[in-house]
Amino acid sequence: MVVLYIILAIILILAAVLFLNATLASSKARKLVGDHPTFTEDQLKVYGETFSRMLQPATVSVKDSHDDTEFSKLRSVVEKDFPLLHEKAERQILAEDCWMYKIPGKDQTRNILLMSHHDVVSADTDWTMPAFDGIIKDGKVYGRGAADTKGSLCAILFGMEEMLREGIQPPVNVYIVSSHNEELGGNGMAATLEYCQKNNITFEVILDEGGAIVEPPLAGMDCEMCAMVAVHEKGRLKLKCTVKNESSHVSLTAFKGNPVERMSQFIQEITTKNVFIRRLHPETRGLFTGLAPYCKLPMKLLLSNLWLFGGLLTKVLPKLNATAGGMVGTTCNFQTIEGSVNSKECTASVMLRNINEEDLKADYAAFKAVADKYGITLETERDEYYAPADMSSPAYAYTMDCLAKVFPRFPAAPYILPAGTDAWRLTPVCNCVLRFAPTRMSKQQLGSIHAADENLDISAIGEAAAFYKYFAVNYR
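**Student:** Whenever I open this one, the sheet that holds strand E5 (residues 140-142) confuses me. Can you help?
**Tutor:** Strand pairing in a sheet is mediated by backbone hydrogen bonds. Such pairs are either parallel or antiparallel. Taken together, 3 strands build an open sheet; the order of strands is E4-E5-E15 and the sheet is antiparallel. Of all the strands in the sheet, the pair left with one neighbour each is strand E4 (135-137) and strand E15 (455-457). For this sheet the average axis-to-axis angle between neighbouring strands, irrespective of direction, equals 25°. As paired elements, E5 and E15 share 3 bridges and run antiparallel to each other. Paired with Lys140 across the strands is Asp457, a residue of E15.

**Student:** Whenever I open this one, helix H7 (residues 259-272) confuses me. Can you help?
**Tutor:** Because each turn of an α-helix spans 3.6 residues, side chains separated by three or four positions end up pointing in the same direction. Compared with an ideal rise of 1.5 Å per residue, which puts 14 residues at 20 Å, H7 spans 20 Å between its outermost C-alpha atoms and is within 8% of the ideal. Burial in H7 covers these residues: Pro259, Arg262, Met263, Phe266, Ile267, Glu269 and Ile270. Along the long axis of H7, the arc covered by the buried residues comes to 165°, so they all point the same way. Looking at the packing, one finds that the buried side of H7 touches strand E9 (235-244), strand E10 (331-338), strand E11 (345-354), helix H12 (357-373) and strand E12 (376-384). You can read the cap of H7 off the contacts: a side-chain oxygen lies 3.0 Å from the backbone nitrogen of Val260, and it is on Asn258.

**Student:** I tried to follow the packing of helix H2 (residues 41-55) against helix H5 (residues 146-165) on my own but got confused; where do I start?
**Tutor:** As a packed pair, H2 and H5 sit with axes 10 Å apart at the nearest point and diverge in direction by 130°. When the axes of H2 and H5 are compared, the pair comes out oblique. In the packing of H2 onto H5, the handedness of the crossing is right-handed. Between H2 and H5, the residues in contact are Val46, Tyr47, Thr50, Phe51, Met54 and Leu55 and Ala146, Lys150, Gly151, Leu153, Cys154, Leu157, Phe158 and Glu162, respectively. Taken together, the residues of the contact of H2 with H5 sort by class into 10 nonpolar, 2 polar and 2 charged.

**Student:** Any chance you could explain H5 here in plain terms?
**Tutor:** The buried fraction of H5 amounts to 19 of the 20 residues, a majority that puts the element mostly inside the structure. Note on H5: the residue one or two positions beyond its end, Gly167, has a positive phi of about 75°.

**Student:** Quick question: what am I supposed to make of the sheet that holds E12 here?
**Tutor:** Pairing within the open sheet is antiparallel, and its 4 strands lie in the order E10-E11-E9-E12. Sheet topology places E10 and E12 at the edges, where each strand pairs with a single neighbour. Neighbour-to-neighbour, the strand axes of the sheet open up by a mean angle of 20°, direction not taken into account. Bridge analysis of E10 against E11 gives 7 bridges, and the strand direction is antiparallel. Among the inter-strand pairings, Glu338 is bridged to a residue of E11, identified as Thr347. Across the sheet, H7 is in contact with E9, E10, E11 and E12; its angle to E9 comes to roughly 145°. Packed onto the sheet, H12 meets E9, E10, E11 and E12 and runs at close to 155° relative to E12.

Cut-offs applied
Residues numbered from 1 in each chain as written. Predicted model: local features only at pLDDT ≥ 70, side-chain atom pairs only at ≥ 80, totals over all residues. Heavy atoms only, no water. Pairing = 2+ DSSP bridges. Helix = DSSP H or I, 4+ residues; strand = E, 2+ residues; numbered from the N terminus. Axes fitted to C-alpha atoms, helices over the stretch in contact; angles between N-to-C directions. Expected span 1.5 Å × (residues − 1). Buried < 20%, exposed > 50% of the residue type's maximum accessible area, 1.4 Å probe, protein only. Arc of directions from axis to C-beta. Contact = heavy atoms within 4.5 Å. Polar contact = N/O pair within 3.5 Å; in protein donor to acceptor, adjacent residues only side chain to side chain. Parallel < 35°, antiparallel > 145°, perpendicular 65-115°, else oblique. Left-handed = near helix turned anticlockwise from the far one by under 90°. Nonpolar A, V, L, I, M, F, W, Y, C, P; charged D, E, K, R; others polar.

Here it is, written out as structure tokens:
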């Protein structure tokens, strides 16, 4: 009986601790109250028409070539619609058409960068309207590049134009950079890095695409939308896997099965067994703790007590879906396989997307151990790792504070971006590269990126412009 009482007491104490932590998290969290930016009909008309004009040039980037015809049309639009920026800012073109503006600040020794890209992917035939007409309908503007990322570029330009119109000089130098071939991983941002390193230019913070203001990522949250700030971009390790018969005579080989069979067995084992490290990285912990106060029970209890439930999450998340699993460790995606039963060789390509550089060393060793089991050799074809943003930096804290000021009804949280951006190239000149554009997007709008009927709300352009202006004017 005494043992039963002890167990009951432990359960009650544990429950009290769990609820106390959840209550404390909620009490310390920012209250979701306040007014977001609003606009007059005349202001929305200007935002919408300008945005429409920016979407009309078909600035589709093409691998290994650059036709400036459509890109020059876009330059003409922005030069006409943002005259003060082009009068007051220093401007230059890097590579073929990578824009760089510099708005001189009061302190010429400090720099921040607002970043985007103005190239787009092609538009397929699934569109229900012309993809490059910039059609305005029901408070939205439709066109290829609306969400990715002429919308944020338009907002940056509006924000800086409005700042200059009011005669405000920012506290520090404000750079604007927009690449012409981000969709291809082209030379635009590489040229920007080269220029910055040659001229000893470093940035305290960079804001690029990646995260946005989206519908709540967790079910049952008590908020309209969330500002998701990507503080890290997963690295890339691309490997070529090769398996051969060691002898021309099958009976003399050391391994069972022909090359195709062995490669298939290898892929099966790698993709079904948990060979990679799984843990809650600081960025993922920040995501969960940032959203916990706005969740309902029992999710609030779970996320407010990661000391107890963190291990469980690392096991459960990979089983939910690939995106969730990618937040807790390296992911593995086999992309090609070539060979035949009659051939003496089979090859496969695989991409490992990693969060932590040290974890990847152990993950690679585990991957190689399975490969060795089947006589498979590995060759590295691509190896990129990008340091995460310093979440302890003043620039990160300032960014989150700006979100609270401009979008007080939306919580903000960090997360790890599974996709790719141009921003990784500039990590050598900035320790706080944030993949975040303050554009509000519904699930449909988010899903329209690289898909049919891409669109963005006109009011979202105004809101993002207000954020960029506030960010630059009040930077400290």
